[in-house]
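This is what each chain is made of:
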Amino acid sequence: MTPARFAQLRDKINARHGRSHDWRKRAIKRLMAEAGATTQLTAGRVLSYRLPSGKFVCVKHRYRNETRANEAVQQINLETDGRRKPIRAYPCYFCNGWHITSEPR
Ligand SMILES: [Zn+2]
């Protein structure tokens, strides 16, 4: 399974708002089994999924490049209020994409 396909199916599962947390957990487990994926943990939290090809799919949303990630930082800041806001984009060496964060450097 390609990283893009894995991410697409994962996003579909997470978008099922009517379903319980346990349902999503089981659906992700099934997807991981189907893809032969393992998890990469940091401080006990899932950071990314590793596919048999050695490629990674991060839990965080992946942006294709720095421009897209910076646009997302701006857009989210315009649309959200009060909650923790992203302040910067950074490159990810696992998925070779970009992520955004509210953590200062
Ligand atoms: Zn990543």
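Once that is clear, we can look at the overall build of the protein chain. On a plain count of helices and strands, the protein chain comes out with 3 helices and 5 strands. Across the protein chain, helices and strands are ordered from the amino to the carboxyl terminus as α-α-β-β-β-α-β-β. Here the protein chain holds 105 residues, and the buried ones make up 15% of them. Sequence separation of 24 or more characterises 39% of the internal contacts of the protein chain that already satisfy a separation of 6 or more.

Moving on, we get to the domain arrangement of the protein chain. Think of interface size as the accessible area that goes away when the parts come together; that is how it is often given. Domain annotation of the protein chain identifies domain 1 (3-58) and domain 2 (66-101). For domain 1 versus domain 2, the separation of C-alpha centres amounts to 21 Å. Taken together, the contacts link 5 residues of domain 1 with 4 residues of domain 2. Per-element tally for the side of domain 1 that touches domain 2: the top contributor is strand E3 (residues 56-58), with 3 residues.

The next point concerns the sheet that holds strand E2 (residues 45-50). The strand order E1-E2-E3 describes an open sheet built from 3 strands, whose pairing is antiparallel. Since the sheet does not close on itself, it has two edges, and those belong to strand E1 (38-42) and E3, each with one partner. With direction set aside, neighbouring strand axes in the sheet form an average angle of 35 degrees. Bridge count for E1 against E2 is 5 bridges, and the pairing is antiparallel. Residue pairing across strands places Leu41 opposite Val46, the latter belonging to E2.

In this section: the environment of Arg10. Considering the arrangement of structural elements, one finds Arg10 in helix H1 (residues 3-14). In the structure, Arg10 is positioned 47 residues away from Val57 in sequence and 9.7 Å away in space, judged by C-alpha atoms. When near neighbours in sequence (up to four residues on either side) are disregarded, Arg10 contacts Ile28, Leu31 and Val57.

Between E1 and E2, which pair antiparallel one after the other, the connecting turn spans 2 residues, and Ala43 there sits at a positive phi close to 50 degrees. Note that E2 and E3 share 3 bridges and pair antiparallel. Considered in E3, the bridge of Arg50 is made with Phe56. Remark: 5 residues form the turn of the hairpin made by E2 and E3, two consecutive strands paired antiparallel; Gly54 in that turn has positive phi of roughly 95 degrees.

Side-chain direction in a regular strand flips from residue to residue, so the side chains alternate between the two faces of the sheet. Note: strand E4 (residues 88-91) against strand E5 (residues 98-101), 4 bridges, orientation antiparallel. Within the sheet, the bridge partner assigned to Pro91 lies in E5 and is Trp98. Taken together, E4 and the strand that follows it, E5, pair antiparallel across an intervening segment of 6 residues, in which Asn96 is found at a positive phi of about 60 degrees.

Cut-offs applied
- Residues numbered from 1 in each chain as written.
- Predicted model: local features only at pLDDT ≥ 70, side-chain atom pairs only at ≥ 80, totals over all residues.
- Helix = DSSP H or I, 4+ residues; strand = E, 2+ residues; numbered from the N terminus.
- Buried ≥ 20, exposed ≤ 12 C-beta atoms within 10 Å, placed from the backbone.
- Contact = placed C-beta atoms within 7 Å.
- Domains from an automatic or database assignment.
- Pairing = 2+ DSSP bridges.
- Axes fitted to C-alpha atoms, helices over the stretch in contact; angles between N-to-C directions.

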